[in-house]
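Next come the chains, spelled out residue by residue.
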Amino acid sequence: MSNIQDKLDARRAQARIGGGQDRIDKQHAKGKLTARERLELLLDPGSFEEFDMFVQHRATDFGMEKSHIAGDGVVTGWGTINGRKVFVFAQDFTVYGGSLSETQAKKICKIQDMAMRNGAPIIGLADSGGARIQEGVASLAGYTDVFKNNIRASGVVPQISVIMGPSAGGAVYSPALTDFIFMVRDSSYMFLTGPDVLKTVTNEIVTAEELGGAKTHTTKSSVADGAFDNDMEAINQIRRLFDFLPLSNTSGSPERPFFDAHDRMDTSLDTIVPDNPNLPYDIKELVLKLADESDFFEIQPEFAKNIITGFMRMEGKTVGVVANQPLVLAGCLDSDASRKAARFVRFCDCFSIPILTLVDVPGFLPGTSQEFGGVIKHGAKLLYAYGEASVPLVTVITRKAYGGAYCVMAPKHLGGDINYAWPSAQIAVMGAKGAVEILHRKDLSDADKTAAHVADYEEKFLSPFRAAERGFIDEVIKPQSTRKRVARAFAMLAEKEIAKPWKKHGNLPL
Ligand code: HXC
């Protein structure tokens, strides 16, 4: 018995060293942690239960039959983050460059299946040279099995990908099918075809970092939802995000103790909107003042900054926030902002996270680049996402809610449960100047008449009262009381249920 236990210890020690000390040193020299070090930081101390530590590949070509490394380039299992269950896999770059073999894929699929069966999120830490070249189509088949499982798990359990090294070729599609992708600056990249191929095929000369680094994917492509400076910071922030997320689509939003009164008044909000309606202000200040303990985890902070998305808590429960940002493009909606917010709303709705929408939007951004880029279809995504959402929806109009953008930003007509407006709200088809230019074109040469028309329009339409008179606004509220009103609204809506007509699924304007 002791002999076999010694053997077990020896085999475990062998597996734990992965591709060997030299390759571990190389990994460290690049500023990267190893797969096991990453999992140790991600999970609560002592909580990791590893599976398939001794699994080996079965390839026999290219001399592979003579080379076997226990675990086959991925460390898998489950553990806890702040006491809550999570399934994990971390590719081990020290073993065949973390490349995906048939058996590595089976290990990942096992974790995905267990996560779905047991109702807990999946976090994948990617660091891989892609398909195991020696295995050919067996590796491609393995990838596709993982993709199919990503799709099955979508909307069942949250899936988070953290790119902590290379992720190239079709391999990028597993992260792309998950709910969130985070990257590490300067040590991770994602692309379908690498710089060498680009040079040959399109004559473009770019570095891997330029083509698919964290900056590219968080500011240009929006493939990634956030970037962090190093492995440690990335893992700490993933732990923070995890605390906001439900475990599954049946578990409901997580709740945790809070130390911030729900009826906390904030008189500074009474002056946050400038008197001049053309001056901007920072909507993030409002978000932070509404959130429990000012804790806000922003999703895609560097992309489409004219809209803000992220998670906060109210009375300890997670709430998704979508807010127009007047500081950028005056808060106009455009294609990028619509796509960003639509995907966020879809995530919240999948996992029963209530949504708070803060509205200050002068309309959709005009221009040929927007029209040619399909803003009609992208705007429709946001409309569809809100219109289909069945989670509690609370909307606060702080200032402008003009035109089509009013219709999109979770009004009552689209299913918004409670719509509040501040006294500074202006709910209209458009601003006064634009309206007068159309309605009173023949009077425009007369400055006095024009001024009178503008004043008349402002008096009639640029207030929340016309909408409140029709019941489209449930109540005009004082800014200082917003946290209390919103918190009470969500508390009232906690058991919300709505019936939907039967359908297989709708046809989201993709
Ligand atoms: C097998 C691989 C591998 C792979 C790397 N290695 N990629 N082994 N299959 N795909 C091995 C190397 O042989 C090496 O082994 C070790 O991993 C480390 O690799 P290095 O090249 O020394 O590391 P580095 O210089 O950091 O370069 C990393 C790299 C490079 C940029 C990822 O290895 C690379 O270009 N690899 C190939 C990438 C690729 O083309 N993959 C296929 C993409 S297509 P030793 O024994 O020396 O330590 C794809 C299709 C998926 O993935 C389709 C899904 C539908």
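Here the structure is shown first, and the text comes after it.
Residues numbered from 1 in each chain as written. Predicted model: local features only at pLDDT ≥ 70, side-chain atom pairs only at ≥ 80, totals over all residues. Heavy atoms only, no water.

### Looking at the overall build of the chain
Thought 1: What the chain contains, in helices and strands, is 19 helices and 17 strands.
Thought 2: Taken over C-alpha atoms, the radius of gyration comes to 26 Å for the chain, in line with the 24 Å a tight globule of 510 residues would show.
Thought 3: Across its three principal directions, the C-alpha atoms of the chain cover 95 × 55 × 45 Å.
Thought 4: Total accessible area on the chain stands at roughly 23,500 Å², and carbon and sulfur atoms take up 55% of it.
Thought 5: Across the chain, the 59 positively charged side chains and the 63 negatively charged ones have centroids separated by 4 Å. (Helix = DSSP H or I, 4+ residues; strand = E, 2+ residues; numbered from the N terminus. Rg over C-alpha atoms; globule rule 2.2 N^0.38 Å. Areas by Shrake-Rupley, 256 points an atom, 1.4 Å probe, with all protein chains shown as cover. Lys, Arg positive; Asp, Glu negative; His and termini not counted. Charge placed at Lys NZ, Arg CZ, Asp CG, Glu CD.)

### A short note on the state of the cysteines
Thought 1: Evaluated as defined, the whole model comprises zero disulfides.
Thought 2: Counting only cysteine sulfurs, Cys 332 is the nearest neighbor of Cys 407, a cysteine outside any disulfide, at a range of 15 Å. (Disulfide = S-S within 2.5 Å.)

### Considering the pairing of strand β4 (residues 122–126)
Thought 1: In terms of residue burial, β4 counts as a mostly covered element, since five of its five residues are buried.
Thought 2: Taking every second residue as pointing to the same face, both faces of β4 are buried, with Ile 122, Gly 124 and Ala 126 on one and Ile 123 and Leu 125 on the other.
Thought 3: As paired strands, strand β3 (residues 84–91) and β4 are joined by four bridges and run parallel to one another. Counted as the bridge partner of Ala 90 is Leu 125 from β4.
Thought 4: Handedness of the crossover joining β3 and β4 through helix α4 (residues 102–118): right-handed.
Thought 5: Across five bridges, the pairing between β4 and strand β5 (residues 159–163) is parallel. From the neighbouring strand, Ile 123 faces β5, where its bridge partner is Ile 160.
Thought 6: Read from β4 through helix α5 (residues 137–153) to β5, the crossover connection turns out right-handed. (Buried < 20%, exposed > 50% of the residue type's maximum accessible area, 1.4 Å probe, protein only. Pairing = 2+ DSSP bridges. Right-handed = clockwise from strand over helix to strand, strands pointing away.)

### Quick notes on a nonpolar patch on the surface
Thought 1: A contiguous nonpolar surface patch, about 370 Å² in accessible area, is contributed by Ile 151, Tyr 173, Leu 177 and Leu 192.
Thought 2: Considering the arrangement of structural elements, one finds Ile 151 in helix α5. (Patch = residues over 30% accessible without salt bridge, like charges linked within 9 Å, V, L, I, M, F, W, Y side chains within 5 Å. Salt bridge = Lys/Arg side-chain N within 4 Å of Asp/Glu carboxyl O.)

### Section: helix α3 (residues 35–42)
Thought 1: Of the positions making up α3, those classed as buried are Ala 35, Arg 36, Arg 38, Leu 39 and Leu 42. Buried residues of α3, viewed axially, fall in a sector of 160 degrees; they line one side. (Arc of directions from axis to C-beta.)

### Quick word on helix α12 (residues 335–350)
Thought 1: Its 16 residues give α12 an end-to-end C-alpha distance of 23 Å, which sits within 8% of 22 Å, the value for a rise of 1.5 Å per residue.
Thought 2: Inspection of α12 places Ser 335, Ala 337, Ser 338, Lys 340, Ala 341, Ala 342, Phe 344, Val 345, Phe 347, Cys 348 and Asp 349 among the buried residues, and these make up the whole buried set.
Thought 3: Where α12 terminates, the next one or two residues include Ser 352, which has phi positive at roughly 55 degrees. (Expected span 1.5 Å × (residues − 1).)

### Observations concerning the side chain of Asn 150
Thought 1: Relative to the helices and strands, Asn 150 is located in helix α5.
Thought 2: Those residues in contact with Asn 150, other than ones at most four positions away along the chain, are Gln 112, Gln 159, Ser 174, Leu 177 and Thr 178. (Contact = heavy atoms within 4.5 Å.)

### Observations regarding the packing of aromatic side chains
Thought 1: Evaluated as defined, the whole model comprises twelve aromatic pairs.
Thought 2: Ring geometry for Phe 311 and Phe 347: centres 6.0 Å apart, planes at 70 degrees, overall edge-to-face. Placement of Phe 311 in strand β11 (residues 307–314) and of Phe 347 in helix α12 is noted, with a sequence separation of 36 residues between them. This pair shows no difference in class: Phe 311 is buried, exactly as Phe 347 is. (Phe/Tyr/Trp six-rings, centres within 6.5 Å; stacked < 30°, edge-to-face > 60°.)

### A look at the pairing of strand β12 (residues 317–324)
Thought 1: With seven of eight residues buried, β12 is to be regarded as a mostly interior element.
Thought 2: Note that β11 and β12 share eight bridges and pair antiparallel. Within the sheet, the bridge partner assigned to Met 314 lies in β12 and is Lys 317.
Thought 3: Hairpin remark: β11 followed by β12, antiparallel, with two residues in the connecting loop; positive phi at Glu 315, about 50 degrees.

### What to know about the nonpolar core
Thought 1: Counting 65 residues, the largest nonpolar core has Ile 123, Phe 182 and Phe 311 as its most contacted members.
Thought 2: Here this core gets seven residues from one element, more than from any other, and that element is α12.
Thought 3: Beyond its immediate chain neighbours, meaning those up to four positions away, Ile 123 contacts Leu 42, Ile 81, Val 86, Phe 87, Val 88, Phe 89, Ile 160, Val 162, Ile 238 and Phe 242.
Thought 4: If you look at the next biggest cluster of nonpolar residues, it comprises 29 residues, including Val 273, Ile 283, Val 396 and Ile 418. (Core = buried A, V, L, I, M, F, W, Y, C linked by side-chain atoms within 4.5 Å.)

### With respect to the side chain of Thr 216
Thought 1: Topologically, Thr 216 is positioned in helix α9 (residues 214–220).
Thought 2: Judged by relative accessible area, which is 13%, Thr 216 ranks as buried.

### Describing the packing of α12 against helix α14 (residues 375–388)
Thought 1: Axis separation between α12 and α14 bottoms out at 8 Å; the angle between their running directions is 20 degrees. Classified by the interaxial angle, the pair formed by α12 and α14 is roughly parallel. Of the two possible hands of crossing, α12 and α14 adopt the one that is left-handed. Mapping the contact onto sequence places Ser 335, Ser 338, Arg 339, Ala 341, Ala 342, Val 345, Arg 346 and Asp 349 in α12 and Val 375, His 378, Gly 379, Lys 381, Leu 382, Tyr 384, Ala 385, Tyr 386 and Glu 388 in α14. (Axes fitted to C-alpha atoms, helices over the stretch in contact; angles between N-to-C directions. Parallel < 35°, antiparallel > 145°, perpendicular 65-115°, else oblique. Left-handed = near helix turned anticlockwise from the far one by under 90°.)

### Section: the environment of Ile 111
Thought 1: With respect to the helices and strands, Ile 111 occurs in helix α4.
Thought 2: When residues no more than four places from it in sequence are discounted, the contact partners of Ile 111 are Phe 51, Thr 76, Gly 77, Phe 87, Val 88 and Ile 122.

### Considerations on the site of the ligand
Thought 1: Within the structure, the ligand sits among 20 residues, and Arg 23, Gly 97, Gly 129, Ala 131 and Ile 133 are positioned closest to it.
Thought 2: One nitrogen or oxygen atom from the side chain of Arg 23 is found 2.7 Å from an oxygen atom belonging to the ligand.
Thought 3: The separation between a nitrogen atom of the ligand and a polar side-chain atom of Ser 99 is 3.5 Å.
Thought 4: Burial of the ligand by the protein amounts to 55% of the accessible area it has alone, namely 1,000 Å².
Thought 5: Elements that contribute at least two residues to the shell around the ligand include exactly α5 and β6 (166–168).
Thought 6: Examining the composition of the shell around the ligand, we find that three residues originate from one element, α5, more than from any other.
Thought 7: Residue classes in the shell around the ligand are distributed as eleven nonpolar, six polar and three charged. (Near = heavy atom within 4 Å. Polar contact = N/O pair within 3.5 Å; in protein donor to acceptor, adjacent residues only side chain to side chain. Nonpolar A, V, L, I, M, F, W, Y, C, P; charged D, E, K, R; others polar.)

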